[in-house]
Every structure is written in structure tokens, then in C-alpha cells.
Amino acid sequence: NAGVTQTPKFRILKIGQSMTLQCAQDMNHNYMYWYRQDPGMGLKLIYYSVGAGITDKGEVPNGYNVSRSTTEDFPLRLELAAPSQTSVYFCASSPGQDPSPLHFGNGTRLTVT
Amino acid sequence: AQKVTQAQTEISVVEKEDVTLDCVYETRDTTYYLFWYKQPPSGELVFLIRRNSFDEQNEISGRYSWNFQKSTSSFNFTITASQVVDSAVYFCALSEAGGNNRLAFGKGNQVVVIP
């Protein structure tokens, strides 16, 4: 049982490039989330999904897009990368019923230069 | 809107000392859930404890204990007899009932246990 798997682990992007951060879970969880973690700032919610075909914005969605075509996958798309998007990105999932703890992936460290 | 405040940024203790981490939260909901997560140097986030707003009973689990006080909106966390393996960043988080398990995190407490 792999849990939540994020790829890649590390990535360096040039300003203006685009990329997709992959997230997959094998726990049949309905709810999935993307957070970013900046140094000393805790985690902030970017987007979340409560099921296939349903997504919604979190606290800091600007510059990102998501899709949820299957229960298992929840990719995060960065268009026109900017230095402000340098961060560690965490994907998480939960069964969906309050108050389930979130299961986190190991994170993707992204640097935009 | 929900908000979580962890005022202390870095706390250093000598091994075997106790360390208490403060967490103060804000929410308009009467039903909510509080969490503590641990992030060791390897970077993953590990769930430690969850508390419901209607359950103020404090708990001890091994070397960890929690003090939940609704009257002061605080959910403090104590590590007793700290060990080097406790060195990590600890996050307090809040989710509101019906909020789709979305967590609002505090900024975290960096705990350094000195051998």
C-alpha cells in the first residue's frame, strides 16, 4: 500500500516554463488536496477536490490549475512559473468524512529561477 | 475565517527536558477539529493527534500529552522527557465541520533537542 505518491521529488524550472506535479493515491480516498509550504509560513491550501470531476480553490490558487479525472489522480499544473512559486508542494488525501486526518505525500521541492 | 497561531518559532531543549508547544485558534464554528502534525528533518508530515471541539478531555499517549481548553481557544502539546528523535517542526491545524477536511495550519514550531 503506497499511500500518496508525488512525482517528481525535486524540480528546477526557469521563469515562464510550465510543469505538472503528479499526485496519486491508492487508498480510494474521495478527497484530495494540494498545499504549498514556504519557509516559516506553515502550509497553505492551493486547491482541493471532493471527488472525480469536482475541484475548488483554496487559499492561494493563483498561478495554478488542477483537474481530477479519476479518484486516484490529482495533478497540479503550473503555468508560466514565477519565482514566487518556489516552494515545497504537498499532496494529501482523506476518506472525506469529518474529521479524518489527511494522509500526505512526501512532497515536491520546486525551485523557479 | 479559521486561523491558527503558533507564536514560538524555534524552541531548544536539552534531552530529557519537557517541551510544551502553544497553539491558539480562531473559528466561528461551534464544531471543529484540532490536529497536531510532526515534520521531521526528512520532510514528511506525520499525523499525531486529533481532537473534537466537543471533547475537552485531555489525553496522554506515551511521552505526548495534549491540553485542550475551549475557554481560551488553546490546544497545547507537550513532549515529556524529550529525545533527539523529537527534533522536528510541529504544526497545529484546524478544520471546521462541513469544511471538507480542509486544514488551516499554524506556522509551526521548530523543536531542537540537544543531546
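The structure presented is a predicted model; accordingly, all values stated were derived computationally and were not measured.

Visitor: I tried to follow the side chain of Ser100(A) on my own but got confused; where do I start?
Guide: Relative to the assigned elements, Ser100(A) resides in the loop between β9 (87-94) and β10 (103-104). Excluding anything up to four places from it in sequence, Ser100(A) contacts Ser94(A), Pro95(A), Phe35(B), Arg50(B) and Asn101(B).

Visitor: What exactly am I supposed to notice about the packing of aromatic side chains here?
Guide: Two aromatic rings, taken as a pair, are described by how far apart their centres are and by the angle between their planes. Residues and elements named next belong to chain B. Evaluation of the coordinates by the stated rule reveals 21 aromatic pairs over all chains. With a centroid separation of 6.0 Å and an interplanar angle of 50 degrees, the aromatic rings of Tyr37 and Phe105 are classed as tilted. Placement of the pair is Tyr37 in strand β5 (residues 32-39) and Phe105 in strand β11 (residues 104-105), with a sequence separation of 68 residues. Like Tyr37, the residue Phe105 is buried in the burial classification. Arranged with centres 6.1 Å apart and planes meeting at 90 degrees, the rings of Phe91 and Phe105 form a pair that is edge-to-face. Of this pair, Phe91 sits in strand β10 (residues 88-96) while Phe105 is found in strand β11, placing the two residues 14 residues apart along the sequence. Its relative accessible area of 1% is what places Phe91 among the buried residues.

Visitor: Any chance you could explain the state of the cysteines here in plain terms?
Guide: Taken as a whole and judged by the stated rule, the model has two disulfides over all chains. In this model, Cys23(A) is linked to Cys91(A) through a disulfide, with the two sulfur atoms separated by 1.8 Å. Between Cys23(A) and Cys91(A), the disulfide has an S-S torsion of -70 degrees and is therefore left-handed. One end of the pair, Cys23(A), is in strand β3 (residues 19-25); the other, Cys91(A), is in strand β9, and 68 residues separate them in sequence. With respect to class, Cys23(A) is no different from Cys91(A); both count as buried. A sulfur-sulfur separation of 2.0 Å characterises the disulfide bridge that pairs Cys23(B) with Cys92(B). As the torsion about the S-S bond is roughly -70 degrees, the Cys23(B)-Cys92(B) disulfide counts as left-handed. Of the two residues, Cys23(B) sits in the loop between β3 (19-21) and β4 (24-26) while Cys92(B) sits in strand β10, which places them 69 residues apart along the sequence.

Visitor: Explain unusual backbone geometry to me, please; I cannot follow it from the model alone.
Guide: Negative phi is the rule for most residues except glycine; trans is the rule for most peptide bonds. A cis amide bond links Thr7(A) to the next residue, Pro8(A), at an omega of -5 degrees. Here Pro8(A) lies in the loop between β1 (4-7) and β2 (10-13). Of note in the backbone geometry, Ala81(B) takes a positive phi value of approximately 50 degrees without being a glycine. As for its position among the elements, Ala81(B) is in the loop between β9 (74-79) and β10.

About the cut-offs
- Residues numbered from 1 in each chain as written.
- Chains lettered and ligands numbered in written order.
- Predicted model: local features only at pLDDT ≥ 70, side-chain atom pairs only at ≥ 80, totals over all residues.
- Heavy atoms only, no water.
- Helix = DSSP H or I, 4+ residues; strand = E, 2+ residues; numbered from the N terminus.
- Contact = heavy atoms within 4.5 Å.
- Phe/Tyr/Trp six-rings, centres within 6.5 Å; stacked < 30°, edge-to-face > 60°.
- Buried < 20%, exposed > 50% of the residue type's maximum accessible area, 1.4 Å probe, protein only.
- Disulfide = S-S within 2.5 Å.

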